[in-house]
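Residues per chain, in single letters:
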Amino acid sequence: MMFIDPALDLTDHAAVAWYYNILLGIANYPADTKTAVTYGHSIEWGKPEEEDCDMEGAFLEMPCAIQNTEILRCKLGLFKTAICLQVITLTREEINKLLEVGPQRYSYLLYPDSEDAKAHFLCEKKRTEKF
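Residues numbered from 1 in each chain as written. Predicted model: local features only at pLDDT ≥ 70, side-chain atom pairs only at ≥ 80, totals over all residues. Heavy atoms only, no water.

1. Let's talk about the packing of aromatic side chains
For step 1, the next point in the chain: On inspection of all chains with the given rule, the structure shows 3 aromatic pairs.
For step 2, the next point in the chain: A ring pair is formed by Phe59 and Tyr106, whose centres lie 5.5 Å apart and whose planes are at 75°; its orientation type is edge-to-face. With Phe59 in strand β2 (residues 57-61) and Tyr106 in helix α3 (residues 103-110), this residue pair connects regions lying 47 residues apart in the sequence. In this pair, the class of Phe59 matches that of Tyr106, namely buried.
For step 3, the next point in the chain: Note that Arg127 overlies the ring of Phe131, its terminal NZ or CZ placed 3.6 Å from the centroid. (Phe/Tyr/Trp six-rings, centres within 6.5 Å; stacked < 30°, edge-to-face > 60°. Helix = DSSP H or I, 4+ residues; strand = E, 2+ residues; numbered from the N terminus. Buried < 20%, exposed > 50% of the residue type's maximum accessible area, 1.4 Å probe, protein only. Lys NZ or Arg CZ within 6 Å of the ring centre and 35° of its normal.)

So, in structure tokens, the structure goes:
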């Protein structure tokens, strides 16, 4: 799942297409690469081709912005359950910080324990101060 800026016009196909493609690419990543991924993992895709984009990867996080975690479980069958993770797009600098501090400490940077600290959960195409 992604949390995007509520100001984004979701009826504008061009505006939504980038987010859709990122989400779909990450959802298909485990099957395409035959690699298991879970929260705390990151995926890099490199420099973007678009000028209005500075995201080079994504971090998979437990969606801490949601209070009721029951909605994150999706029962697919008798013994098969999927868990919804949050995609947070990252700039090169943010990827470097993640690699420096590790996924657990990076998760605390995104969702600090302090009530005074700002949580960083928006998925953005170009990093803004809203993040």
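2. A word on the nonpolar core
For step 1, the next point in the chain: Membership of the largest hydrophobic core comes to 13 residues, with the highest contact counts inside it found for Met2, Trp18, Tyr19, Ile22, Ile26, Leu60 and Val87.
For step 2, the next point in the chain: Looking at which element gives the most residues to this core, the answer is helix α1 (residues 13-33), with 4 residues.
For step 3, the next point in the chain: In contact with Ile26, other than residues within four places in its own chain, are Ile43, Trp45, Ala58, Leu60 and Val87.
For step 4, the next point in the chain: Ranked by size, the runner-up nonpolar core spans 10 residues in total, among them Leu90, Ile95, Val101 and Leu110. (Core = buried A, V, L, I, M, F, W, Y, C linked by side-chain atoms within 4.5 Å. Contact = heavy atoms within 4.5 Å.)

3. Describing the pairing of strand β5 (residues 86-90)
For step 1, the next point in the chain: Across the 5 residues of β5, 5 count as buried, placing the element largely inside the fold.
For step 2, the next point in the chain: Every second residue of β5 is oriented toward a common face, with Gln86, Ile88 and Leu90 on one face and Val87 and Thr89 on the other, all of them buried.
For step 3, the next point in the chain: The sheet contact formed by β2 and β5 spans 5 bridges and is antiparallel. Residue pairing in the sheet places Ala58 in a bridge with Thr89 of β5. (Pairing = 2+ DSSP bridges.)

4. Some details on the state of the cysteines
Working definition of a disulfide: a covalent bond connecting the sulfur atoms of two cysteines.
For step 1, the next point in the chain: Scanning the model with the defined rule gives 0 disulfides in all.
For step 2, the next point in the chain: Here Cys74 is not cross-linked by a disulfide; its sulfur's nearest cysteine counterpart is in Cys84, at 6.2 Å.
For step 3, the next point in the chain: Unpaired in terms of disulfides, Cys123 finds its nearest cysteine sulfur in Cys53, a separation of 9.7 Å. (Disulfide = S-S within 2.5 Å.)

5. Considering α3
For step 1, the next point in the chain: Burial in α3 covers these residues: Tyr106, Ser107 and Leu110. Here the buried residues of α3 occupy an arc of 105° about the axis, which is enough to place them on one side.
For step 2, the next point in the chain: Residues of α3 that are buried make contact with β2, β5 and α2 (92-101). (Arc of directions from axis to C-beta.)

6. Some points on the pairing of strand β4 (residues 80-83)
For step 1, the next point in the chain: By the bridge criterion, 4 bridges tie strand β3 (residues 73-77) to β4 in an arrangement that is antiparallel. Along β4, the bridge assignment pairs Lys75 with Thr81.
For step 2, the next point in the chain: Connecting β3 to the antiparallel partner β4 that follows it, the hairpin turn spans 2 residues.

7. Describing the packing of α2 against α3
For step 1, the next point in the chain: One can describe the packing of α2 onto α3 by two numbers: an axis separation of 6 Å at closest approach and a directional angle of 130°. With respect to their mutual orientation, α2 and α3 come out oblique. Residues Glu94, Lys97, Leu98 and Val101 of α2 lie in contact with α3, whose contacting residues are Pro103, Arg105, Tyr106 and Leu109.
For step 2, the next point in the chain: When the residues that make up the contact of α2 with α3 are grouped by side-chain class, the tally is 5 nonpolar, no polar and 3 charged. (Axes fitted to C-alpha atoms, helices over the stretch in contact; angles between N-to-C directions. Parallel < 35°, antiparallel > 145°, perpendicular 65-115°, else oblique. Nonpolar A, V, L, I, M, F, W, Y, C, P; charged D, E, K, R; others polar.)

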